[in-house]
Every structure is written in structure tokens, then in C-alpha cells.
Amino acid sequence: MKNIVQVFGRKKTSIAVAVVKGPGSGFIRINGIPLDLIEPEILKFKIFEPLLLMGEAGFGDIDIRIRVKGGGQVSQIYAVRQAIARGIVKYFEKFVSEIKREEIRNIFLNYDRSILVGDSRCNEPKKSGGKGARSKYQKSYR
């Protein structure tokens, strides 16, 4: 029987849902595409960060499938990164051991807090009386 955990990651308007299954063969797919074929090349390393921090032994026997939608390329990459990290931590909490989970969680938090903790900043909606959220039209007295 497979052990399954479902988690999500968010950044701005992007939402990534990760399904972590174990035991598996260690493949990771994002919207059905293998991790090696993800573009742009520079941002691909952001996705690899949680996996590199854990090491080969940590995630070799789990499969991760991710669906991501909304936002732009960068925010989708950050949402996927967060979903992978949260999924790994949740999987270890549920099916491996609490001690190993705490170890991994501390590694992630010491490296970069935004891997596990969501960034609540979002685009502010436009208001009346100006062209943006805060700016107002110029006032004329004559």
C-alpha cells in the first residue's frame, strides 16, 4: 500500500498542489513534465533546493506529482519549491519519524524560511481617485 500526502504551496496568485507518494522510484513531475525539462534553466535550481538540502538518501524512495496554476513563471517556481518542501516534511512526519521530520524542518528553516512559511505579500487592488492602489490624480486649484 502506498503512503500518500497532499500539500500546497503559494506565492502571490500561484498555487501548487503536491501529491507525495511512497514508497516509489524517486521521480518528480510538474504538470506532467519531468523536473529536468523545466524552463527557464536558471530558476530550475530554485526547485532543486529542497532536494539538494535533504541529500540523495532522503527522497530517493518517494514520488512527487505537482500541479501548478496561476501567476507568472517566477511565482510558480517559488510555489512549487514550497510545495515540495512542505510535502517532504509532512511525509516524514506521517510515515517515517518525528525526529527525522524535525531534523529536515530545521535544515529548511535555517537555509531559507520561505521554503516552508508562506509569503503573505500580494498585489494591492486599485482604488478610485487615482491610477493605482495608492497614487491619486493631481489636484488643480485653478
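Above this text you will find the structure in question.
Residues numbered from 1 in each chain as written. Predicted model: local features only at pLDDT ≥ 70, side-chain atom pairs only at ≥ 80, totals over all residues. Heavy atoms only, no water.

The next point concerns the sheet that holds strand β5 (residues 63-69). Here we have five strands laid out as an open sheet, ordered β1-β2-β5-β3-β4, and mixed in their pairing. Here the strands that pair on one side only, and so sit at the sheet edges, are β1 (3-11) and β4 (33-34). The sheet contact formed by β1 and strand β2 (residues 14-22) spans nine bridges and is antiparallel. Each bridged residue has a counterpart across the sheet, and for Gly9 the counterpart in β2 is Ala16. Together, β1, β2, β3 (28-30) and β5 form the strand contacts of helix α3 (residues 73-96), whose direction differs from that of β1 by roughly 145°. (Pairing = 2+ DSSP bridges. Helix = DSSP H or I, 4+ residues; strand = E, 2+ residues; numbered from the N terminus. Contact = heavy atoms within 4.5 Å. Axes fitted to C-alpha atoms, helices over the stretch in contact; angles between N-to-C directions.)

Another point: unusual backbone geometry. With an omega of -10°, the peptide bond between Gly22 and Pro23 qualifies as cis. The residue Pro23 is located in the loop between β2 and β3 in this model. A cis amide bond links Glu39 with the next residue in sequence, Pro40, at an omega value of -5°. Mapped onto the elements of the fold, Pro40 is located in the loop between β4 and α1 (41-54). Its identity as a non-glycine residue notwithstanding, Asn31 has a phi of 50°, on the positive side.

Across all of its chains, the model carries eleven salt bridges by this definition. Here Glu93 ties to Arg101 by a salt bridge, and the two come within 3.5 Å at their closest N and O atoms. Note on Glu93: relative accessible area 36%, which makes it partly exposed. Among the salt bridges present, the one from Asp119 reaches Arg121, with a minimum N-O distance of 2.8 Å. Here Arg121 falls in the exposed class, since its relative accessible area comes to 61%. Salt bridges linked by common partners bring Lys46, Glu49, Arg81 and Asp112 together as one network. (Salt bridge = Lys/Arg side-chain N within 4 Å of Asp/Glu carboxyl O. Buried < 20%, exposed > 50% of the residue type's maximum accessible area, 1.4 Å probe, protein only.)

Attention shifts here to helix α4 (residues 98-111). Residues spaced three or four apart along an α-helix face the same direction, because each turn holds 3.6 residues. For α4, built from 14 residues, the straight-helix expectation of 20 Å at 1.5 Å per residue is met to within 8% by its first-to-last C-alpha distance of 20 Å. All of the buried residues in α4 are Arg101, Ile104 and Phe108. With its buried residues spanning 70° around the axis, α4 presents them on a single face. In α4, the exposed residues that point more than 90 degrees away from the buried face are Ile99 and Asn110. Looking at the packing, one finds that the buried side of α4 touches α1 and α3. (Expected span 1.5 Å × (residues − 1). Arc of directions from axis to C-beta.)

Moving on to the packing of α3 against α4. Between α3 and α4, whose axes approach to 7 Å, the crossing angle comes to 160°. Looking at the two axes, α3 sits roughly antiparallel to α4. The two elements α3 and α4 cross, and the hand of that crossing is left-handed. Contacts between α3 and α4 involve Arg81, Ala85, Ile88, Val89, Phe92, Glu93 and Val96 from the first element and Glu98, Lys100, Arg101, Ile104, Arg105, Phe108 and Tyr111 from the second. Looking at the contact of α3 with α4 residue by residue, the classes come out as eight nonpolar, no polar and six charged. (Parallel < 35°, antiparallel > 145°, perpendicular 65-115°, else oblique. Left-handed = near helix turned anticlockwise from the far one by under 90°. Nonpolar A, V, L, I, M, F, W, Y, C, P; charged D, E, K, R; others polar.)

It is worth stressing that arrangement in space is one thing and function is another; only the former is reported here.
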